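Analysis of the macromolecular model
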Amino acid sequence: MALKGLFIKPFDDVHVVIGCLIFSSMKKTMSYIHHCWYYLVALVSIVVLLPALLWTARPSANYAHFFKTAKVWSWLFLVGMGIWPRPGRHKMKHSGPMVLAANHGSNLDIPMTFLASPVPVVFMGKAELLKLPLFGYFFKKTSIAVDRSSYSGRKQALIDADQRIKDGYSVCIFPEGGIPPQKKLLGAFKAGAFKLAVDNNVPIVLVSIHQSKFRLGDWGEPSSLGPVDSKVLGEFWPNTDAENPLSELSDRCYTILAEDLKKWGHTGILALPLRS
């Protein structure tokens, strides 16, 4: 009887290991399916609104009209992804141009930011988006593409964004510079968004997007359906009395945004220590 028990336990352990491997494989497969569905829904939702998007994205059109159309697209796309967006409301105190900065947890953040932004903003994003069918066409027409592979490309994008602000437009930048690994709560901030705010003396409007990295993780990472909340944390002006206004503004916004994400249950590695 004792020998029988010795033989059964190893087989039980094997069954547990096999079960874990199958479960892990299924999660990865569902993640891949969810990502493929993401591109399909994006394409179909653009086709549904194609006449309105083409009309409002033409060179002579008012950009605010395109932005309103893009908000409708964002709702269609997110609901098609099984996501229920819940953007908070914010009444702007500042009536001029501003730089909107949001955390970047997943590819859901562009439509979430369309819905969360209290005013029309021109997006700055990676040049790779230009390659996407249809989406790339409208991105080229309405946004600022950043070639992240070269210094000159990054510099030119900032010059273009600076000119948009001087022309009276607001600009949206994800200051992490991309989607950080999921083990990070919030990636380190690049200087671009804060340099634009300091150089033009305009506020940073800070947006916190919750749950997006849980709804659409990296390829192979867990994904899920459900709500995604967002809210404007405030309007933060450069402190011209600071020794380094750019770094002070960047660190202040990073701390405020990271603390808000922690309140919502986000965990992970931080680039800066938080206030105790």
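Criteria and cut-off values
- Here, residues in each chain are numbered from 1, in the same order as that chain's written sequence.
- Two thresholds apply to this predicted model, a pLDDT of at least 70 for residue-level local features and 80 or more for giving and counting side-chain atom pairs, whereas whole-chain, interface and lining totals are computed over all residues.
- Only hydrogens and water are set aside; all other atoms, that is, all heavy atoms of the structure, feed into the side-chain values.
- For two strands to be treated as a pair, DSSP must find at least two bridges joining them.
- Strands are runs of DSSP state E lasting at least 2 residues, helices are runs of H or I lasting at least 4, and numbering of each runs from the N terminus.
- Note on method: axes are straight lines fitted to C-alpha atoms, helices fitted across the in-contact stretch only, with angles between N-to-C directions ranging 0 to 180 degrees.
- Note on definitions: a residue-residue contact is assigned when non-hydrogen atoms from the two residues lie within 4.5 Å.
- Patch building starts from residues that exceed 30% relative accessible area and form no salt bridge, then joins like charges within 9 Å and nonpolar side chains (Val, Leu, Ile, Met, Phe, Trp, Tyr) within 5 Å.
- To measure how exposed things are, a 1.4 Å probe is used in the Shrake-Rupley method; for residues, cover is taken only from the protein chains shown.
- Salt bridges are defined as contacts in which a side-chain nitrogen from Lys or Arg sits within 4 Å of a carboxyl oxygen from Asp or Glu.
- Here, the term nonpolar core denotes a set of buried Ala, Val, Leu, Ile, Met, Phe, Trp, Tyr and Cys residues that are joined through side-chain atoms within 4.5 Å.
- Partly exposed describes any residue whose relative accessible area lies between the buried limit of under 20% and the exposed limit of over 50%, with all areas from a 1.4 Å probe on protein chains only and scaled to the type maximum.

1. Considering the sheet that holds strand β8 (residues 226–236)
Strand order in this open sheet of 7 strands is β1-β8-β7-β2-β5-β3-β4, and the pairing throughout is mixed. In this open sheet, the two edge strands, each paired with only one partner strand, are β1 (83–87) and β4 (144–146). Here the average twist between neighbouring strands, direction ignored, is 25°. Of the strand pairs in this sheet, strand β2 (residues 99–102) and strand β5 (residues 170–173) are connected by 3 bridges, and their pairing is parallel. Across the sheet, residue Leu100 finds its bridge partner in β5, namely Cys172. In the packing of helix α4 (residues 109–116) onto the sheet, contacts are made with β1, β2, β3 (121–126), β5, β7 (204–209) and β8, and the angle to β8 comes to roughly 55°. Helix α6 (residues 151–166) contacts β2, β3, β4 and β5 of the sheet and is inclined by roughly 160° relative to β4.

2. What about a nonpolar patch on the surface?
On the surface, Trp37, Leu40, Val44, Val48, Val72 and Leu76 cluster together into a nonpolar patch covering about 540 Å² of accessible area. Of all the secondary structure elements, the ones that give two or more residues to the nonpolar patch are α1 (2–48) and α3 (63–80). When residues in the nonpolar patch are grouped by element, the largest group, 4 residues, is from α1. Summarising the element assignment, Val44 is placed in helix α1.

3. Here's the deal with the nonpolar core
Membership of the largest hydrophobic core comes to 68 residues, with the highest contact counts inside it found for Phe77, Met81, Val99, Leu186, Ile204 and Cys253. In terms of residues, this core owes the most to one element, α3, which gives 7 residues. With residues near it in sequence (within four places) discarded, Cys253 still touches Phe189, Phe194, Ile204, Leu206 and Phe236.

4. Describing the pairing of β2
Here β2 shows two buried faces, one formed by Val99 and Ala101 and the other by Leu100 and Ala102. In terms of strand pairing, β2 meets β7 through 4 bridges, oriented parallel. Residue Ala102 lies in a different strand from β7, and its bridge partner there is Val207.

5. Side note on the pattern of salt bridges
Applying the stated rule across the entire model yields 6 salt bridges. Between Asp260 and Lys231 there is a salt bridge, with its nearest N and O atoms 3.1 Å apart. Separated by 29 residues along the polypeptide, Asp260 in helix α9 (residues 245–263) and Lys231 in strand β8 bring together distant segments of the chain. Judged by its relative accessible area of 33%, Lys231 is partly exposed.

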